[in-house]
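# Survey of secondary and tertiary structure
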Amino acid sequence: MRRRQKHFLFGVFDDFEKARDVVSELKVLDLKEKVIDNIELYSPIEHPEVEEILGTFHQPIQRFTFFGAITGAVCAFLLVAAAAQSMFTVQPQGGKPVIPLPMDIVITYEGTIMFGVYSTIVAFLIYSGLPRRLKKYYSQKVSEDQIGIEVQIDPTKSDKARAVLEKCGAVEIREVTQ
Amino acid sequence: MSDYSMKDIEWAKINRDVLASLESPRKEFWIVLSVCIFLVLCGAAAEVYQYNEGLGTALMNKPHFWQLYISNFVFWIGMSHSGTLLSAILLLTHADWRKPIYRFAEAMTLFSILTAAIFPVIHLGRVWDMYWVLPYPNERGIWPNFRSPLLWDAAAITTYATSSILFLYVGMIPDLAICRDNAKGWRKKLYTALSIGWMGRASEWMAFRKTYVLLACFLVPLAVSVHSIVASDFAMSIMPDWHITSFPPYFVAGALYSGCAAIITLFVLLRYVFKFEDYMTTEIMDKTAKLTFAIAMVWNYLNLSEYASIWYSNDMFEKEVLLEKFFGPYHWVVWGMLLCALVAPFAMAFEKVRHNMWAMFWLSLVLQLGMWLERFQIVSPPLASNHEPWTWAVVWPGLIQLTITVASFGWFTMLFLIFCKVFPSVSMYEVKEMVFHRRKASSRTDMEDLDKVKDDMIKAEEGLS
């Protein structure tokens, strides 16, 4: 089966406020004509207020962190406890406990943090969609001082979205079908 | 001093300035790098000689087996603390002045820990047996002893090194994308691979920020645990002057102190070599110096309280070792430490000193010397007068140990300079954020001032009428 082609418009703006306006106008356009599949904002710095205009991002990274840390704690404790059991069979410990908790807590603590960090990184890669190839229409200006708005749209109606981008003061508009 | 300094810097200029540091440093950069490479070669020659002739060449055939290598290990582990720990704490407390300096501080952490990790290997003598520390059983079914603080060290340092690398790398991804967009040749390939396709999409930024904060939350307790565990190498023994309850916090405070001093040294060095005057400002130096001063006072308190507890406990063994430290053969090390690390930091109480870059540079070197002497006086003097008289011996480091010690400074500086030449040592996107927020705050203040003027005028008109 042939893959459906996607059509993108990429507008570059010199101000975050202009980008905010353009997203609002595109949303109005979508409400009227249902032509926009997705809107994405590209910026050189983080704008926490972007969730107000694009909607909330569901990225439960902290759950990965939590369960990763728990797994790390259990694995590290099992390692030292099992090693202690194994040692008990070959090296008599006298009256000392086979599994000394205060000692094992140190390794368990380190294991908790190590696995917690690794699972956080895995979650980051999953939810940020990285690693990935650069998009054809990506503009280097976005990593410098400009804001980019990517609009995935029905190709037959792209003129209307382009008009919105132009009206809001786009410095440059790129159009790609892939 | 204005809270809104740096607000007028253009974002494009930030990219230009930082990217220029990857291309054209001052000629002093190459001179320092050459000296460092020479020192590393000398250290390598000393290590090869020691390897062939045995540890006796490093005077390890006396009953005094822990000396300079272990002091250096503790010193470099301590140095590694400030970078990541301060970066994480300042991130969690929203201190925006960290932004121009945290990158090189985190790099400092990484290279300090790499330098520290070399010393147990050198100290071991039988380098080929280093893998015994790995957690798997030998052919007789015997596992490494997890009850030993030395193995805790291995676990803690591995965790800290990998976590610090990931923290540094994740924080660098947006900057690597900027480098990718502006580089050519091998650099382009390197940055393309490392930036893993970062484009600054909103979803990327959101995941990035969450991840970065979560990593910071892990790194703060981790950094504290690592140096506490290094302190346990000493405190878990029953040696007088080592078996001290306050050793872990004392080590952590000392680590932060020496790390902050190192940050100041590198701050001035990078500012000069890469012409970062616009970003590494007097305001930031002032805050870093105040922080260092505060940490120095914590360290002073813990140091003095340790002496006081030994003195008032009246334990004869502890007291004898303490007196021996102050008046015995190692006395100049202890007095030197007190002068450099306890008295010298009071210079930072003066604003004139804090605002003078080169004064801070030399002062930071004095503080680091003090902290290095502190590591030495923790390790050596107690070994020269402990519970077992047959082991009493005053041993001074020989040429091999000293060469390897000096080489470690060369090794650290060489790695650090290479890092700064290949990767941006100032975080471009964070400085942009700082500029953006300061500009916003400044315009808000201007508006408030304008409103105030309007109100005053209205009141004045009302008064006239």
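Each value, and the rule that gives it
- Residues numbered from 1 in each chain as written.
- Chains lettered and ligands numbered in written order.
- Predicted model: local features only at pLDDT ≥ 70, side-chain atom pairs only at ≥ 80, totals over all residues.
- Helix = DSSP H or I, 4+ residues; strand = E, 2+ residues; numbered from the N terminus.
- Rg over C-alpha atoms; globule rule 2.2 N^0.38 Å.
- Buried ≥ 20, exposed ≤ 12 C-beta atoms within 10 Å, placed from the backbone.
- Contact = placed C-beta atoms within 7 Å.
- Axes fitted to C-alpha atoms, helices over the stretch in contact; angles between N-to-C directions.
- Left-handed = near helix turned anticlockwise from the far one by under 90°.
- Nonpolar A, V, L, I, M, F, W, Y, C, P; charged D, E, K, R; others polar.
- Pairing = 2+ DSSP bridges.
- pLDDT = per-residue confidence, 0-100.
- Expected span 1.5 Å × (residues − 1).

Now for the overall build of chain B. For chain B, the count of helices and strands is 15 helices and zero strands. Taken over the C-alpha trace, chain B has a radius of gyration of 25 Å; the compact-globule value for 465 residues is 23 Å, and the two agree within 12%. In terms of overall dimensions, chain B has C-alpha extents of about 95 × 60 × 45 Å along its principal axes. The proportion of buried residues among the 465 residues of chain B is 45%. Of all intrachain contacts in chain B linking residues separated by at least 6 positions in sequence, the fraction that spans at least 24 positions is 82%.

Residue and element names in this part refer to chain B. Two numbers describe how helix α8 (residues 247–273) lies on helix α13 (residues 357–383): the axes approach to 8 Å, and their chain directions differ by 145 degrees. The crossing of α8 and α13 is left-handed. In this structure, α8 contributes G254, Y257, S258, A261, A262, I264, T265, V268 and R271 to the contact, and α13 contributes M357, W358, M360, F361, S364, L365, L367, Q368, M371 and E374. Of the residues in the contact of α8 with α13, the class split is twelve nonpolar, five polar and two charged.

Moving on, we get to the interface of chain B and chain A. Residue-level contacts link 48 residues of chain B with 51 residues of chain A. Broken down by element, the residue count for the side of chain B that touches chain A peaks at 16 residues, all from helix α7 (residues 202–235) of chain B. Its residues assigned to classes, the side of chain B that touches chain A comprises 29 nonpolar, ten polar and nine charged.

This part takes up the sheet that holds strand β2 (residues 36–42) of chain A. Residues and elements named next belong to chain A. What the four strands build is an open sheet, ordered β2-β3-β1-β4; its pairing is antiparallel. Either end of the sheet is taken by a strand with one partner, and the two such strands are β2 and β4 (172–177). When strand polarity is set aside, the average angle formed by the axes of neighbouring strands in this sheet is 15 degrees. Across the sheet, helix α1 (residues 16–33) touches β1 (7–13), β2 and β3 (147–153), and the angle it forms with β2 is around 175 degrees. Where helix α5 (residues 158–167) meets the sheet, it contacts β1, β2, β3 and β4, and its direction lies at approximately 5 degrees from that of β1.

Any two packed helices are characterised by how steeply their axes cross, that is the angle between the axes, and by the distance between the axes. All names here are of chain B. At a minimum axis separation of 8 Å, helix α11 (residues 331–343) and α13 run at an interaxial angle of 145 degrees. Helix-helix and strand crossings are classified by hand; for α11 and α13 the assignment is left-handed. The segment α11 lies against α13, with V333, V334, G336, M337, C340 and A341 engaging V366, L367, L369, G370, M371, L373, E374, F376 and Q377. Each residue belonging to the contact of α11 with α13 can be placed in one class, and the counts come to eleven nonpolar, three polar and one charged.

By the element assignment, F75(B) lies in helix α3 (residues 68–92). When near neighbours in sequence (up to four residues on either side) are disregarded, F75(B) contacts S258(B), M371(B), W372(B) and R375(B).

The pLDDT averaged across chain B works out to 88; a share of 98% of its residues lies at or above 70. Reported confidences for the modelled complex are a pTM of 0.90 and an ipTM of 0.91.

Looking now at helix α2 (residues 27–53) of chain B. Think of an α-helix as turning once every 3.6 residues; residues three or four places apart then point the same way. All names here are of chain B. Compared with the 39 Å implied by 1.5 Å per residue over 27 residues, the 40 Å span of α2 between its first and last C-alpha is a close match. Where α2 is buried, its residues contact α14 (399–422). With its phi angle positive at about 105 degrees, G54 sits one or two positions after the end of α2.

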